[in-house]
Amino acid sequence: MDPSPAELEGVLKLSVSELIHRYPRSVEIILLRRMACVGCTFADFHRVDEALEIYQQDPGTFLQDLSGQIAGNAPPKTRSGSEQEIQDA
């Protein structure tokens, strides 16, 4: 079941663990952004918005990518869509 826009906004206040539990396909989005949240001992304590801030990720882009991933659309190739940016990181 795809989340509504209101549910997606609420995702930012979930713990990272709860996000992964509710939406297992979110793991690919997290990993593509090189966020070390999957398996992290702080995943139960950090909210998604806090993790995005720590990793300097745009919440709007994250939610857009998450929505697409949950809907079954292909995720972006990189965390920002730029192969060069990933190579330079």
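Residues numbered from 1 in each chain as written. Predicted model: local features only at pLDDT ≥ 70, side-chain atom pairs only at ≥ 80, totals over all residues. Heavy atoms only, no water.

### Quick look at the overall build of the chain
So, step 1. If you tally the helices and strands in the chain, you get six helices and zero strands.
So, step 2. Its helices and strands taken in sequence order, the chain reads α-α-α-α-α-α from the N to the C terminus.
So, step 3. Residue burial in the chain is summarised as follows: out of 89 residues, 35% are buried.
So, step 4. Element-wise, carbon and sulfur atoms account for 52% of the exposed surface of the chain, whose accessible area totals about 5,500 Å². (Helix = DSSP H or I, 4+ residues; strand = E, 2+ residues; numbered from the N terminus. Buried < 20%, exposed > 50% of the residue type's maximum accessible area, 1.4 Å probe, protein only. Areas by Shrake-Rupley, 256 points an atom, 1.4 Å probe, with all protein chains shown as cover.)

### A closer look at unusual backbone geometry
So, step 1. The backbone of R34 shows a phi angle near 60°, a positive value even though the residue is not glycine.
So, step 2. Along the chain, R34 turns up in the loop between α3 (26-32) and α4 (48-54).
So, step 3. Of the residues examined, R34 reaches a relative accessible area of 46% and is grouped as partly exposed.
So, step 4. The backbone phi angle of Q56 is positive, close to 55°, even though this residue is not glycine.
So, step 5. Among the structural elements, Q56 can be located in the loop between α4 and α5 (59-70).
So, step 6. The class of Q56 is exposed, set by a relative accessible area of 74%.

### Focus: the confidence of the model for the chain
So, step 1. Confidence along the chain averages 82 in pLDDT terms, with 74% of residues attaining 70 or more.
So, step 2. Summarising per-element confidence for the chain, the mean pLDDT is lowest in helix α6 (residues 83-88) (45) and highest in α4 (96).
So, step 3. Here residues 81-89 scores under 50 on pLDDT; set against residues more than four positions off or in separate chains, the count is 10 contacts. (pLDDT = per-residue confidence, 0-100. Contact = heavy atoms within 4.5 Å.)

### A word on the nonpolar core
Note that soluble globular proteins tend to have their nonpolar side chains buried in a common cluster.
So, step 1. Judged by nonpolar contacts, the single largest core of 19 residues is most densely connected at V11, V16, L19, I30, V48, F62 and L66.
So, step 2. For this core, the secondary-structure elements that each account for two or more residues are α1 (5-11), α2 (16-22), α3, α4 and α5.
So, step 3. In terms of residue count, α5 provides more of this core than any other element does, four residues in total.
So, step 4. Residues within four places of F62 in sequence aside, it is in contact with L19, I29, I30, R33, V48 and L52. (Core = buried A, V, L, I, M, F, W, Y, C linked by side-chain atoms within 4.5 Å.)

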